Amino acid sequence: MNALLFNSALAIYSAATAVYLAFLVKPRDIFGRAAHWLISTGFLVHLIFTLNRFREAGHFPITNLHESLSFFSLAVIGVFIVCERRYHVFILGSFVTPLALLFLALSAGYPSDIMPLNPALKSGWLSIHTALAFLGYAAFAISFGVSIMYLIQSHYLKKKKLGALFQKLPPLDLLDEISYRCLTWGFPLLTFAIISGAIWAETAWGTYWSWDPKETWSLITWFVYAALLHGRLTTGWRGRKAAFLSILGFAILLFTFLGLNFLPPGLHSYK
Amino acid sequence: MNIIVVGLSHKTAGVEIREKVAFAPTQMEKPLRAVVALPDITEAVIVSTCNRVEIYATTRDVAGGMARLKRFLADYHKVDLELLEKHLYAYHGEDATRHVFRVAASLDSMVVGEPQILGQIKTSYGYAAEFKSSGVILNRFLHKAFSVAKRVRTETKIASSAVSVAFAAVELAKKIFGDLSDKVVLLVGAGEMCELAAKHFINSGVRGVMVTNRTFERAEKLAEEFDGKPVRFEELFDHLHKADIILSSTGAPHFIIKPKEVDEVIRRRKLKPMFFIDIAVPRDIDPKVNDVENVYLYTVDDLNGVVATNLEQRKIEAAKAEAIVEQEIGQFFKWLSSLEVTPTIVALRTRFDDVRRTELAKTLANWKDLPPDAEKKLESLTNAIMNKLLHQPTSILKKTDQGSRNELYVDALRQLFELEDTAPREALMEIEE
């Protein structure tokens with residue numbers, strides 16, 4: 001049953017991504033509507049899969065790479081749907097759904113067996129800490145997609161070569177606004193995730209902070225986004241500078257989330 | 001029934017001729033009634049814009065109808081017919097249909113893809129409908145033209161980009177700022193093109209306008225015209241940060257706005273984007289200003305470049321639009337020939353039935369001592385013979401997918417059996433419904 005749900009979500013996301021990419025080439029209304037319908041359906045199936053796995057495992061399904069990549073993908077699509085409804089920027093899907101699809105496809109490559117939970121991790125904090133962190137990540141992922149769109153559009157305007165994408169991409173101001181909104185949602189979520197993680201660490205291992213690589217890199221990620229938000233609010237970093245920093249922030253975030261798994265294991269290792 | 005078009009446009013006549021034959025849009029009743037009163041003209045629609053004057057009409061007699069419309073145009077406007085004829089074009093059938101579809105889709109316009117023409121044709125059609133000068137055929141004809149124009153608009157990008165410098169500037173501003181309703185435009189200098197561009201920005205709903213000029217009085221005058229605020233030229237840099245869009249066209253021989261100053265201004269604005277448009281020759285703004293973060297500078301050459309790219313794009317889209325037009329012509333003619341078929345069948349049946357009745361009556365009058373039910377039997381016998389004979393031609397005519405062959409059959413039948421145009425307008429209306 002779970003495999004069927006997972007594969008269905010993967011197939012629907014693939015179809016939605018294909019239609020979003022088609023929309024990028026030919027921005028017909030019908031593509032936009034079809035893509036929106038597909039991605040919403042895919043999200044629903046993916047959500048049912050996640051809830052079903054939660055029920056079967058008896059804990060929040062985010063304890064190995066298969067589960068976390070899948071949940072990351074779910075969160076990205078969820079936040080994307082909210083943004084799409086709020087701002088009516090269908091073309092955002094062309095930049096975000098491939099990312100979500102990639103995460104889900106990667107997730108398929110990792111073992112999907114439900115393993116018993118390490119006793120130290122058996123806590124209500126698991127749900128709170130990870131859900132907050134991944135929702136924050138998802139908001140940053142959207143900001144990343146929007147920032148790429150911003151850089152392309154701003155490149156066209158600066159170079160005065162109004163290429164094929166120029167007409168299709170939204171105005172710079174709107175892209176900047178969406179990116180900013182995502183940061184203002186993502187940053188508090190990440191902050192609370194780190195705080196809740198510290199509290200949980202104290203109850204599990206008796207210490208709030210132990211500087212394991214994941215914690216250290218999470219802090220680095222937090223600092224990058226804190227600097228970006230601070231810059232935006234005080235000196236008004238916006239536009240290209242903000243877009244570059246948002247892309248950098250997401251790259252560090254991805255390293256924190258995935259890259260660290262290839263380094264010597266720490267407390268957060270999924271292996 | 002044939003559709004004919006007689007008219008002239010910016011392609012065939014200069015403005016001095018066009019203005020002579022133009023119809024006042026508010027006084028269409030008289031000319032429309034006059035056209036439909038012409039012999040052999042059954043329906044008419046007059047389109048009169050600053051770029052074209054055209055009469056669409058329906059007639060059985062193509063050559064006569066066209067000649068009458070030409071004479072009407074000359075007589076109505078008291079212009080010499082010979083002179084007028086040099087500028088007139090006349091189309092019928094498929095060519096007339098292609099013409100109106102192209103006109104409505106803005107493929108025949110001075111600026112291909114401009115949207116005004118469709119509205120103008122709709123207004124003209126509105127007058128024709130109001131004064132009842134259009135009927136089934138022209139109604140359908142123009143509705144089809146509207147739907148072709150809509151298809152062209154949705155399926156091609158023919159009108160998606162600006163083709164004048166002023167509009168290109170507004171379009172670019174919209175791509176930078178999105179909504180312009182909270183943006184302020186600053187005019188530096190008061191050149192003619194700058195004024196024009198400013199008007200376009202005001203029409204796009206900007207929040208405010210500031211004007212500065214070396215002669216303060218000129219700035220004041222222009223500011224008043226735009227309901228804006230005048231700024232002293234010496235105080236330009238004290239106010240520059242308040243402006244989002246800067247249109248510059250002074251007669252200065254050197255750059256008056258330089259990167260260093262813009263860099264300071266943009267910091268003061270907390271990096272909020274600025275859009276500089278330099279229309280002056282020689283230029284007012286140092287091109288290096290474009291390198292400042294979140295600042296976009298376009299010169300008149302850059303804008304011309306944008307317009308040229310857009311025009312090129314329109315040419316590609318126009319080719320797609322022409323293909324749509326060709327496709328739709330076929331569909332319209334299928335309908336038109338089906339319209340011809342029904343009255344012809346009715347007329348043919350009436351003719352046969354008349355003959356049958358007359359001959360039957362003659363026979364019965366000379367025939368004495370008939371058995372009681374013989375009259376009824378003869379009636380049904382002759383009816384059956386007539387129906388059998390007419391069955392084959394009727395069913396062939398009803399196959400509307402034969403295209404031009406249908407017209408041929410209809411014409412042949414009308415001539416062979418001397419069928420008059422027996423279908424009055426009301427009957428055609430019923431068929432239409």
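Since the structure is predicted, the reported quantities are computational estimates derived from the model, not experimental observations.

### A closer look at the pattern of salt bridges
Residues and elements named next belong to chain B.
- In this structure the tally under the stated criterion is 35 salt bridges over all chains.
- Residue arginine 151 pairs with glutamate 328 through a salt bridge whose shortest N-O separation is 2.7 Å. On the criterion of sequence distance, the pair formed by arginine 151 in helix α7 (residues 136-155) and glutamate 328 in helix α13 (residues 300-366) is long-range, its members being 177 residues apart.
- Within the structure, one salt-bridge network assembled from shared partners comprises Lys11, Arg52, Glu54, Arg102, Asp108 and Glu322.

### Let's talk about the pairing of strand β1 (residues 2-9) of chain B
All names here are of chain B.
- Among the 8 residues in β1, 7 count as buried, and that is most of the element.
- As paired strands, β1 and strand β3 (residues 52-59) are joined by 8 bridges and run antiparallel to one another. Bridging from a neighbouring strand, valine 6 pairs with isoleucine 55 of β3.
- By the bridge criterion, 4 bridges tie β1 to strand β4 (residues 89-92) in an arrangement that is antiparallel. By the bridge assignment for β4, glycine 7 is matched with tyrosine 89.

### Remarks on the interface of chain A and chain B
- Contacts between the two partners involve 24 residues from chain A and, on the opposite side, 25 residues from chain B.
- Summing both sides of the interface, chain A and chain B together bury roughly 2,000 Å²; the carbon and sulfur share of this comes to 49%.
- Looking at the side of chain A facing chain B, the largest losses of area belong to Lys158(A), Lys160(A) and Arg238(A), adding up to 30% of the total buried there.
- Where Lys160(A) meets Asp302(B), a salt bridge forms, and the shortest distance between an N and an O atom there is 3.1 Å.
- At the surface where chain A touches chain B, the tally comes to 15 residue pairs in polar contact (both at pLDDT 80 or more).
- Those elements giving two or more residues to the side of chain A that touches chain B turn out to be α5 (125-159), α6 (172-205) and α8 (240-257) of chain A.

### A word on the nonpolar core
- The biggest cluster of nonpolar side chains holds 119 residues, and the ones touching the most others in it are Ile142(A), Phe250(A), Leu187(B), Phe201(B), Leu247(B) and Phe275(B).
- When residues no more than four places from it in sequence are discounted, the contact partners of Phe201(B) are Ala169(B), Val170(B), Ala173(B), Leu180(B), Val185(B), Val206(B), Ile245(B), Leu247(B) and Ile277(B).

### Details of a negative patch on the surface
- A cluster of acidic side chains, namely Glu217(B), Glu220(B), Glu224(B) and Glu225(B), defines a negative patch on the protein surface.
- Among the secondary structure elements, Glu220(B) is positioned in helix α10 (residues 216-225).

### Comments concerning α6(A)
- In this model α6(A) runs 47 Å from its N-terminal to its C-terminal C-alpha over 34 residues, within 8% of the 50 Å that 1.5 Å per residue would give.
- Remark: Gly206(A) follows α6(A) within two positions and exhibits a positive phi of approximately 80°.

### Some remarks on the confidence of the model for chain A
- Taken as a whole, chain A shows an average pLDDT of 89; of its residues, 96% reach a score of 70 or greater.
- For chain A, per-element mean pLDDT is lowest for helix α7 (residues 213-233) of chain A, which scores 91, and highest for helix α4 (residues 92-108) of chain A, which scores 94.

### Observations regarding the packing of aromatic side chains
All names here are of chain B.
- Taken as a whole and assessed by the stated rule, the structure comprises 31 aromatic pairs over all chains.
- Summarising the aromatic geometry, the rings of tyrosine 56 and phenylalanine 141 are spaced 6.1 Å apart at their centres and angled 80° between planes, so their arrangement reads as edge-to-face. Of this pair, tyrosine 56 sits in strand β3 while phenylalanine 141 sits in helix α7, and the two are 85 residues apart along the sequence. You'll find tyrosine 56 and phenylalanine 141 in the same group, each marked buried.
- Ring centres 5.5 Å apart and planes at 50° place the aromatic pair phenylalanine 141 and phenylalanine 332 in the tilted group.

### Focus: a nonpolar patch on the surface
- A contiguous nonpolar surface patch, about 400 Å² in accessible area, is contributed by Phe192(A), Ile195(A), Ile199(A) and Tyr208(A).
- Among the secondary structure elements, Phe192(A) is positioned in helix α6.

### Things to note about unusual backbone geometry
- A positive phi angle is found at Trp211(A), which is not glycine, with a value near 55°.
- Along the chain, the position of Trp211(A) falls in the loop between α6 and α7.
- The exposed category is assigned to Trp211(A), whose relative accessible area is 55%.
- Although it is not a glycine, Leu271(B) adopts a positive phi angle of roughly 65°.
- The residue Leu271(B) is located in the loop between α12 (259-268) and β9 (274-278) in this model.
- Note on Leu271(B): relative accessible area 8%, which makes it buried.

### A short note on the sheet that holds β1(B)
Residues and elements named next belong to chain B.
- With antiparallel pairing, 4 strands are arranged side by side in an open sheet as β2-β3-β1-β4. Taken across any chain shown, the strands that pair with only one partner, and hence form the sheet edges, are β2 (41-48) and β4. Each adjacent strand pair in this sheet contributes to an overall mean axis angle of 15°, direction not counted.
- Taken together, the 7 bridges between β2 and β3 define a ladder with antiparallel strand orientation. Note that in β3 the partner of isoleucine 46 across the bridge is isoleucine 55.
- Where helix α3 (residues 62-77) meets the sheet, it contacts β1, β2, β3 and β4, and its direction lies at approximately 35° from that of β1.
- Sheet strands touched by α7: β1, β2 and β3. Its angle to β2, the strand with the most contacts, is close to 35°.

Criteria and thresholds
Residues numbered from 1 in each chain as written. Chains lettered and ligands numbered in written order. Predicted model: local features only at pLDDT ≥ 70, side-chain atom pairs only at ≥ 80, totals over all residues. Heavy atoms only, no water. Salt bridge = Lys/Arg side-chain N within 4 Å of Asp/Glu carboxyl O. Helix = DSSP H or I, 4+ residues; strand = E, 2+ residues; numbered from the N terminus. Buried < 20%, exposed > 50% of the residue type's maximum accessible area, 1.4 Å probe, protein only. Pairing = 2+ DSSP bridges. Contact = heavy atoms within 4.5 Å. Buried area = accessible area lost by both parts, 1.4 Å probe. Polar contact = N/O pair within 3.5 Å; in protein donor to acceptor, adjacent residues only side chain to side chain. Core = buried A, V, L, I, M, F, W, Y, C linked by side-chain atoms within 4.5 Å. Patch = residues over 30% accessible without salt bridge, like charges linked within 9 Å, V, L, I, M, F, W, Y side chains within 5 Å. Areas by Shrake-Rupley, 256 points an atom, 1.4 Å probe, with all protein chains shown as cover. Lys, Arg positive; Asp, Glu negative; His and termini not counted. Charge placed at Lys NZ, Arg CZ, Asp CG, Glu CD. Expected span 1.5 Å × (residues − 1). pLDDT = per-residue confidence, 0-100. Phe/Tyr/Trp six-rings, centres within 6.5 Å; stacked < 30°, edge-to-face > 60°. Axes fitted to C-alpha atoms, helices over the stretch in contact; angles between N-to-C directions.

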